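# Structural characterization, general
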Amino acid sequence: MNSSLYILPEILLTIFGILVMLADATMPRGASRKPLGWIAVLGALGALAASSWQYQLPAGTAYFGVVRIDAFSIFFHILIAGIVLASLLTTLDAVRPETEGLGELFALMLFGAVGMMLMTSAVELLLVFIGLEISSISTYIMAGFRRKSAKSPESAIKYFLLGSFATAFFLYGIALVFGATGTTRIADIAAALAGSTAANVPPLIYVGLAMIVIGLGFKVSAAPFHVWTPDVYEGAPSPVVGLMSTAPKAAAFAVLLRITFEALPSLHVHWVPVLWWLAVISMTLGNLGALRQRNVKRMLAYSSIAHAGYLLVAFTALSAEGVAAASFYAVTYAAMNVGVFAIVSHAGGYDDRLTLVDDYRGLAYRSPLLAGAMAFFLISLIGIPFTGGFFGKFYVFTAALHAGMIWLTIIGLINSGIAAFYYLRVALALFARPAEAAPVMAVERPSLPLLLSVFLTAAATLILGIVPGNVLGAARAAAQTLTVSHQQSAPEAAGAATDLSLR
Amino acid sequence: MTTDLHLWLIPLVPFAGFLVNGLLGRKAPKPVVTAVALIGALIPMLQVSALVLKFDSLSKPYIQHVGTWIQAGSFHADFAFQLDQLTLVMLCVVTGVGFLIHLYSVGYMAEEDGYWRFFAYMNLFLFFMLTLVLAENFLLMFVGWEGVGLASYLLIGFYYTRDSAANAGKKAFIVNRIGDFGFLLAMFLLIAHFGTLSFNDIFSQIALHPAWQGGFLTAVALFLVLGATGKSAQIPLYVWLPDAMEGPTPVSALIHAATMVTAGVYMIARTHAIFDRSPFALGVVAIIGVATAFFAATIGMVQTDIKRVLAYSTVSQLGYMFLGCGVAAYSAGIFHLVTHAFFKALLFLAAGSVIHALSGQQDMRAMGGLRKKIPVTFWTMTAAVLAISGFPPLAGFVSKDEILYQAFIAPNGGKILWAVGLLTAGLTSFYMFRLWYMTFFGESRSAAAQEGEAAAVHARHDSKLVLEAEPHTHPVHESPWVMLWPLIILAILSVVGGWMGWPAGLGGSNWFSHFLAPAVQSVHLPYEQATVALNTGALANGIVNTPNAAPSGDKQIELILALISTLVALAGWFAAHLMYCARPELPERIAASLHAGYATLKNKYWVDEIYGALIVAPVLFMARWILGALIDRGVIDGGTLAVGYTAQGFGALVARIQSGNIRSYAGWLTLFAALALAAMYFGWAARFIPR
Amino acid sequence: MNLGLFIVFGAFCVAGALNLLFQRHPINSALSLIVVMSSLAVLYLLLGAEFLAAAQVIVYSGAIMVLFTFVIMLLNAGKEERTHGSKLAYIAGFPGAAALLALLVFVFLSRRGSFGTTLLGEYLVTTGDLSRLLFRDLLLPFEVTSILILIAILGAVALARKEH
Amino acid sequence: MVPIAWYLVLSAILFSIGVAAFLIKRNIITVFMSIELMLNAVNLTFVAFAHQWHQVSGQVFVFFVMVVAAAEAAVGLAIIIAVFRARNTLNVDQIDLMKL
Amino acid sequence: MLNDSILTWITFVPIAGAIVVALLPRRGRVIQWFTLLVALLTFVLSLHLPAHFDYARHGFQFEENRSWITSPAIRYHLGIDGLSLWLVLLTTFLAPIGVLVSWRAIENRTKEFYFLFLLQQTAMIGVFVSLDLFLYYGFWELSLVPMAILIAMFGPNSGRQAALKFFIYTFVPSALLLVAIIWLYTKTGTFDFVRLQAALAAGSPAFTAQALGWVSLAFLVAFAVKVPVFPLHGWLADVIQEAPAAMAMVVAGKLGLYSIFRFNLGLFPAQARQIAPLMIALGVIGILYGALVALAQTDVRRLVAYSILGNLSFCTLGIFCFAVAGLNGAVFQTLNEGLTGGALLVLVSFLYERYRTNDMSLYGGLAGKLPRLATLFVITSLALIGLPLFNGFIGEFLVLSGSFHGHAGWVASAAVGVILSASYMLWAVQRIFYGQPSSLVTNRPAPDLNAREQITLWPMAVLMLVMGVASPYWIKAIDSAVSGLAGNPSLGITAMQTPQLSGAPSGKVTQ
């Protein structure tokens, strides 16, 4: 009984997912699937509430030490539930209500969320793996959901093949870590390495960690493991992209945080530089790649690579502040990216027909509200102050600078300067006069779910930018749980943080 | 000194006139505009008259602080006015001549569309000119200095629809700005050394330090000279003045003859304390003056536009004033300034009357025989011509002779200066009588105009009115009395004006010089020593002279010099008579035989063209092509673009990774997986991190 | 015996894998993969994982590979055309794969002493041991796999369904 | 007396062949098979380590991997069918509508 | 007590207005009137500042200091001193004028325009009043956004490109500024200007000369782009050309110059001194370059842009010569530029509204057609070229005279700009207003300035004159800030040279 409370949000999501499936089966073909969406929304809300409620629970593990509920996992639970909620709303607006299989899509989103949540709270790599697979497989399916177009299945197959390829690496990594330590539990791994110094660390662990980083790097689309991202995002249905560019990534980052900070902090001398390079390459490749994109979705795909890079910067700080910054960044990125994809979904029409930058010309003249919101999200993505995007970046780089990562900070912020170019191109296109020859983007009146979704994400983005105090506090608490346990397991590593050769 | 003179009111009244006419004049009826303008000129004149009456009772200089203008750190500049002899003389000239010309303009400009505008500008000019002469510090003087330039700009460009007028106005302003640049630098130097710009503070500092000779004072003086050459149309910045004749004739009379252009002379006299310490600068002033005088006179000999002749004559006469100042005979310079104001204003006004009579004709070749038709104009003009040519006992004779005499007795090349000045006097006489003959004698060459064949164009030929209407002409006629009275008054002044400075050498007392002496005499008189010290040097060491106190033994010299110059003036007259009255075919023959020389003079030594080629064209070329095109468009815009394209190029490279092929992606992933593995295992990554 | 079996079935594995690589018809590749999987089952036996060996044969060789073959047949996949869509696969991929192999082999062999050796029957995992772990300690993951399977079914249905 | 390292090497070899097969094979189904090969290689590692550490959890892991592989296979093959329907080809080199 | 919250009011009334604007109906001129009201209200509120300003005090006044985010330690700290006082006033003064000038120029998308306009207002005021670097940076960056969007929205030809250029130009260096700000925070644990100033003055092992050099450079470059300082002005002409007049008026100058003043001089005096020779050179080059390139322009807006570059370079020169009068002059000149450059842009915009072109070669002879506009144009031109009794003269004179000592050569070169500025400005006046009416002018009848336009311009014109005559009223506040700075020994500010009564003058005595 007590244990099941530790997975209460997951249970709720599963129940609602099954409800959606059952209800779907009872509905006649061609009927509007909207009620299913609202059921799913209820489920997401329930999960959100349940996750928030979990703060009441004493931090600890359940199910024989397989899941751990602490400030860290709850933080990500809430985030994932929120993303799913907003994405569901977006989907309700952007997909034709009578679309076949819409009910399955809603159910998949809920089930996928279960996997992601489990990833964040799992302290057993097996459960991490299963959660990862749940989240991955559900997103593979979602990517291929719009079967009428040629792009969507291609997107799905690319995602699927490359994703499985990366999963194999991740799994190999777990196997090697298991080989090195004889366990797949985070705490036990940390304990196994606790006594070891650089000299007697089993070398397998490095290879294992590298494999894990490769696998998770793929999932978070960190360059150079990002190659799938643009193609998949371009082809996948927009509402789904909003979800899969944020929630699974957040979960994967949470896993990476757990593994690096909780399981393997003692190896920081090896993994910090690797992540340093991943961060730099991600930021640079992502932003440069986005520069020439004419398709907004593809551009946002490159941008998500860059944002993964910014988030990785926080890792290199190797401090509680860094973890808090990474967590916070995940929230801000989610808020603005889900928001922007909500509008992309709506503006693109049911079939994502209009996704070129030029299609967005003059959106402000047809739908000022949407254009304004989109501009706001883009501005946040650029990192203009008083938006979440800025504060996230600011916090990340503050953490990095605290750790003495001056070059990383400079590279990162110059990158954010480059990034301004392509975001702004879209933002300004919104306000430019529409080209006369261009097909006019017939924007439907935004529906209630879209308004809700945009409102939620925009409000979140704004709040994160202006009064981030609460979220910051939660992020810091989350970071505390990771690093405190890390200090318990590897006290000398924490002490070593000051004499890193990187300084 | 207890009395409050309200000096600040003197400039402020015309300013009020400017405001009223400028803001409301467009809609106001013409008599109201006239009244406002005339009151704006009259009240200052009355105030000055009152000052004249009170003057002896004042302790001098009388200084009045009205308020702080600029206060920054320890530096401050005030709205402060001062009154001394020099100021008083200038005030009289400015308000007196100014009022007369205002009066004249009422008739002259009666037909004009921009009547209100004209008078607003005229009042504005008076405001700035009075500020200039009343200022107690350099900065306030600079206000007037720039302000009169502004008024000049506006009035030259009065017929703004005419490109030549607009160009002339612009040219005047810009050339003046070059001079102002010098003035500014002089002020910067003064601030750097004295921390103040107050005349009295600076001059008393200088007085306290007899050891200060040359050095930075020379620099200050030379920069001031640069300013003065701009405002007073001296070499090398005289080029704007002839073009300034595009303005209405009263403007030429007031601004470009009587008052504004003399501001440079006034400024040198005002700052003589600085010049006195810099023989070199004085030398420069003298040389510039005499060179300009000669140079402009030669050009004046061959001009055919009546106003241009007068313009070059003005430049030439200003050269005399510079010469006077340059030999430290400041009072002589100022004296010539005063007399010149009378007769040159008269010349211009009379010329205006002629032009008026001929419905706008300015070309002397189309004049002639006007003696009978416009007698008042003729006789007043005759007085002026005689005065400027230097016939005793007219005003011009007295003042010019004073300068020539002072030059003659100056050491170190003073004789050369005198000789050139004398030659110039002859030339002056020649071209003035040439003008006289061509305008008033001989056959009337303007017959065509009278027959209405449109050869002559009305003075306002380009003004807006005429644009729509046919150019209208009317018979030659005398001007209305409102124009003639100022002529008559000025003619009288031209005749008798010189008597107040009748030289001692000719039996006078040189009252003017003595009156002015307190204002322009050096506080310390290091002249003797300086002269001795400087005698060793050549021209570079300057030509200095004790200003006012001519050695009594030189009375004979003065007399002889006066005779010589009178003879020279007569010679000039004779030559003019010969060429333009007796044998009218002679000028063409001479021109033909001296072809090159004639062309040079006719084209004003091509100075405008040379400036155009050496300064204007290169500056424009640099602005347009080197800076505008090459640097701004090329390097700066191009650099921005290049950075942009480079980034985009990298972007294209990054996108090249995205071939769309799954196997390629897998290949990419594999390669980097291997690299990441190796990096992690061997800890390579750390090595490539910049720190 | 142990060594012999390892060498024989190890060789089978590698040969099967290589055959998968070199065969151009998907069916042949699928059959090669079955060889690999079955040989692996034997190796599992050698490593004392009896239950896994059985599961390997049943789940992998049986279920999964049957599915593969089924799809190959369904889609009537013919011989591969050796198209040249990707240079990067050769330029980057093969060196990468080789490096990966070299590195892994290097690590494994350089530390081979620390891994110990196997003796046939030295370590046997009974189904009981397995189920104790599976149904107690790893109860939650086990339950969660049901969601995974649910998703798989959902997805397969959603994706493979005919359009209307 | 087989050193565990040999098992590990064998699994590494299989894994690499799987990677290579992924790179070489043109037919999507075969590419997918190469992934299965890689997973099998990892499984061997797990089992080998389970033997080394005498830890059952390694074997359990393999069990889960099999389940996951089965689920993946179902989904993957469904996706392949969807792709085939949309594009009428199974050649990965021709699945490149989206690029750059 | 209003003194304790006035800055918050002034800063946030516009943004509150913006929110209301977003909700107003697009009917008639409701939005314009409302925005005008908000702008006037802000202006009236801001008048409180000079009225209650304590001129005798150095340091900040009207301070508000509350915790905003505890960790990182970010505070909501507002305050002004003599430096920012008039800049705030200038901003609030130009706001109603910006509304009036846009009255007819912006006919469609008014809601968007005025929303962003008010947002921009808050951002700019925020920059001047923020004393917490984080807060400051927020407003600083925020000010880019409405500007860029409005340029893109209303740029007549290539607004989007201009907006992008502007944004990227300013944003990239600002990113480095952020690095520097965060670096300072990591070393001191505070973003608070006052505490940072104290910490930097006190020194610490972390503040090596090299580190501080780079940090101050990051500050400087970010600001210099925004000013802009030659050669970082690449965006200026394009932006001025494309931006709506109300935006072009405020795009250059004050934000960047204020920041240089506040931060480079306030936080890094020694470093500012080090880089001064370069900046002086750039300032002088900028003066001459701006004037010369302006001379070559045929587009009147571009001409104004380069003239702004030239005029702003005076400020750069004045700041980096470190003399009290020069610093005073630099601040004063910043105000001038905002006022005069703004008025010029308003005039050009009125011209554009009538004739739909900025090409001077198409104009001609307008003086007769539009005498009132011509008059105001000439007045503004005269103020711009620094005619005495206008504000421009005071600024230029103080800068040049104050800087003269020790930099005679540079100042003399800069003074050449006085000649050039007259050249291009008068030439522009001539090309537009003088001569025969061009075919464009004759074929397109256009009314002279109407009442609204006159209300827009006359206050500016009068203020130009008043500031030129009664400058001490403004300078006394500026001077208090400058002398506060002068108290900082490492800045080594020279007071105006005092008379050398005892010794010989520095010039050599002949003989």
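Provided above is the structure to which this section pertains.
All of these numbers come straight from a predicted model, not from anything done at the bench.

Helix and strand content of chain E: 22 helices and two strands. Against the 2.2 N^0.38 benchmark of 24 Å for 511 residues, chain E shows a C-alpha radius of gyration of 22 Å, consistent with a compact globule. Dimensions along the principal axes, computed over C-alpha positions, put chain E at roughly 75 × 70 × 40 Å. Put simply, chain E has 511 residues, and 71% of those count as buried.

Moving on to the overall build of chain D. Scanning chain D from terminus to terminus reveals three helices and one strand. Along its sequence from the N terminus, chain D presents helices and strands in the succession β-α-α-α. For 100 residues, the compact-globule estimate of 2.2 N^0.38 gives 13 Å, and chain D exceeds it by more than 25% at 17 Å. With the C-alpha coordinates aligned to their principal axes, the bounding extent of chain D is approximately 50 × 25 × 25 Å. Classification of the 100 residues of chain D by burial places 81% in the buried group. Approximately 1800 Å² of chain D is accessible, and the part contributed by carbon and sulfur atoms is 62%. A distance of 8 Å separates the average location of the 5 positive side-chain charges in chain D from that of its 4 negative side-chain charges.

A few words now on the packing of aromatic side chains. Across all of its chains, the model carries 130 aromatic pairs over all chains by this definition. Centroid distance Phe6(C) to Trp6(D): 6.3 Å. Interplanar angle 45 degrees. Geometry classified as tilted. Note that Phe6(C) is positioned in helix H1 (residues 2-22) and Trp6(D) in helix H1 (residues 4-24), a pairing that runs across two chains. Judged by its relative accessible area of 7%, Phe6(C) falls in the buried class. Against the face of Phe408(B) rests Lys415(B), its NZ or CZ located 4.8 Å from the ring centre. In this structure, Arg431(E) packs its charged tip against the face of Trp427(E), placed 3.9 Å from the ring centre.

All right, on to the interface of chain E and chain A then. Where interface size is given, it is often the accessible area lost as the parts come together that is meant. Between chain E and chain A, the contact holds 38 residues from the first and 40 residues from the second. For the pair chain E and chain A, the summed buried area comes to about 3400 Å², and 81% of that belongs to carbon and sulfur atoms. Where chain E packs against chain A, one counts zero salt bridges. Here chain E is connected to chain A by three residue pairs in polar contact (both at pLDDT 80 or more). For the side of chain E that touches chain A, the secondary structure elements donating two or more residues are strand E1 (61-69), helix H5 (133-142), helix H6 (144-154) and helix H7 (159-188) of chain E. Top contributing element to the side of chain E that touches chain A by residue count: H7(E), with 15 residues. By residue class, the composition of the side of chain E that touches chain A is 29 nonpolar, four polar and five charged.

Each partner contributes residues to the interface: chain C has 86 residues there, and chain D has 70 residues. Between chain C and chain D lies a buried interface of about 7000 Å² when both sides are counted; carbon and sulfur atoms form 78% of it. Interface area lost by chain C to chain D is led by Phe68(C), Leu75(C) and Tyr123(C), which between them contribute 10%. The interface formed by chain C and chain D includes one salt bridge.

With that settled, consider a nonpolar patch on the surface. Residue and element names in this part refer to chain B. A contiguous nonpolar surface patch, about 480 Å² in accessible area, is contributed by Trp 606, Ile 610, Leu 614, Ile 615 and Val 616. By secondary structure assignment, the location of Val 616 is in helix H27 (residues 607-657). The exposure class assigned to Val 616 is partly exposed, which follows from its relative accessible area of 47%.

What follows deals with the pattern of salt bridges. Using the criterion set out here, one finds 40 salt bridges over all chains in the structure. Through salt bridges that share partners, Lys151(A), Glu154(A), Lys158(A), Asp231(A), Glu234(A), Arg298(A) and Arg87(D) make up one connected network.

Take the packing of helix H15 (residues 330-357) of chain B against helix H16 (residues 375-389) of chain B next. All names here are of chain B. Close contact between H15 and H16 brings their axes to 9 Å; oriented N to C, the two are set at 145 degrees. In the crossing of H15 with H16, the sense of the turn from one axis to the other is left-handed. Residues Phe 343, Lys 344, Leu 346, Leu 347, Ala 350, Ala 351, Ser 353 and Val 354 of H15 touch H16, and the partners they reach there are Thr 377, Thr 380, Met 381, Ala 384, Val 385, Ala 387 and Ile 388. Broken down by class, the residue content of the contact of H15 with H16 amounts to eleven nonpolar, three polar and one charged.

A word on the nonpolar core. In this structure, Leu161(A), Phe219(E), Phe320(E) and Phe397(E) are the most contacted members of the largest nonpolar core, which totals 798 residues. Filtering out sequence-adjacent residues up to four positions away, Phe219(E) remains in contact with Leu133(E), Leu177(E), Ala180(E), Ile181(E), Leu184(E), Phe263(E), Asn264(E) and Phe268(E). Formed by 18 residues, the second largest nonpolar core is a distinct cluster that contains Ala332(B), Leu404(B), Ala410(B) and Leu417(B).

This part takes up helix H7 (residues 151-181) of chain A. Residues and elements named next belong to chain A. In a regular helix each residue adds 1.5 Å, so 31 residues correspond to 45 Å; H7 covers 44 Å between its end C-alpha atoms and thus fits that length. For H7, the buried fraction is high: 30 of the 31 residues fall into the buried class. Gly 182 occupies a position one or two residues after H7 and carries a positive phi of about 75 degrees.

As used in these notes, a disulfide is a covalent bond between sulfur atoms, one from each of two cysteines. Scanning all chains against the criterion turns up zero disulfides over all chains. The closest cysteine sulfur to the non-disulfide-bonded Cys92(B) is located on Cys325(B), 18 Å from its own sulfur.

Rules used throughout
Residues numbered from 1 in each chain as written. Chains lettered and ligands numbered in written order. Predicted model: local features only at pLDDT ≥ 70, side-chain atom pairs only at ≥ 80, totals over all residues. Heavy atoms only, no water. Helix = DSSP H or I, 4+ residues; strand = E, 2+ residues; numbered from the N terminus. Rg over C-alpha atoms; globule rule 2.2 N^0.38 Å. Buried < 20%, exposed > 50% of the residue type's maximum accessible area, 1.4 Å probe, protein only. Areas by Shrake-Rupley, 256 points an atom, 1.4 Å probe, with all protein chains shown as cover. Lys, Arg positive; Asp, Glu negative; His and termini not counted. Charge placed at Lys NZ, Arg CZ, Asp CG, Glu CD. Phe/Tyr/Trp six-rings, centres within 6.5 Å; stacked < 30°, edge-to-face > 60°. Lys NZ or Arg CZ within 6 Å of the ring centre and 35° of its normal. Contact = heavy atoms within 4.5 Å. Buried area = accessible area lost by both parts, 1.4 Å probe. Salt bridge = Lys/Arg side-chain N within 4 Å of Asp/Glu carboxyl O. Polar contact = N/O pair within 3.5 Å; in protein donor to acceptor, adjacent residues only side chain to side chain. Nonpolar A, V, L, I, M, F, W, Y, C, P; charged D, E, K, R; others polar. Patch = residues over 30% accessible without salt bridge, like charges linked within 9 Å, V, L, I, M, F, W, Y side chains within 5 Å. Axes fitted to C-alpha atoms, helices over the stretch in contact; angles between N-to-C directions. Left-handed = near helix turned anticlockwise from the far one by under 90°. Core = buried A, V, L, I, M, F, W, Y, C linked by side-chain atoms within 4.5 Å. Expected span 1.5 Å × (residues − 1). Disulfide = S-S within 2.5 Å.

Taken by themselves, the reported measurements are silent on function.
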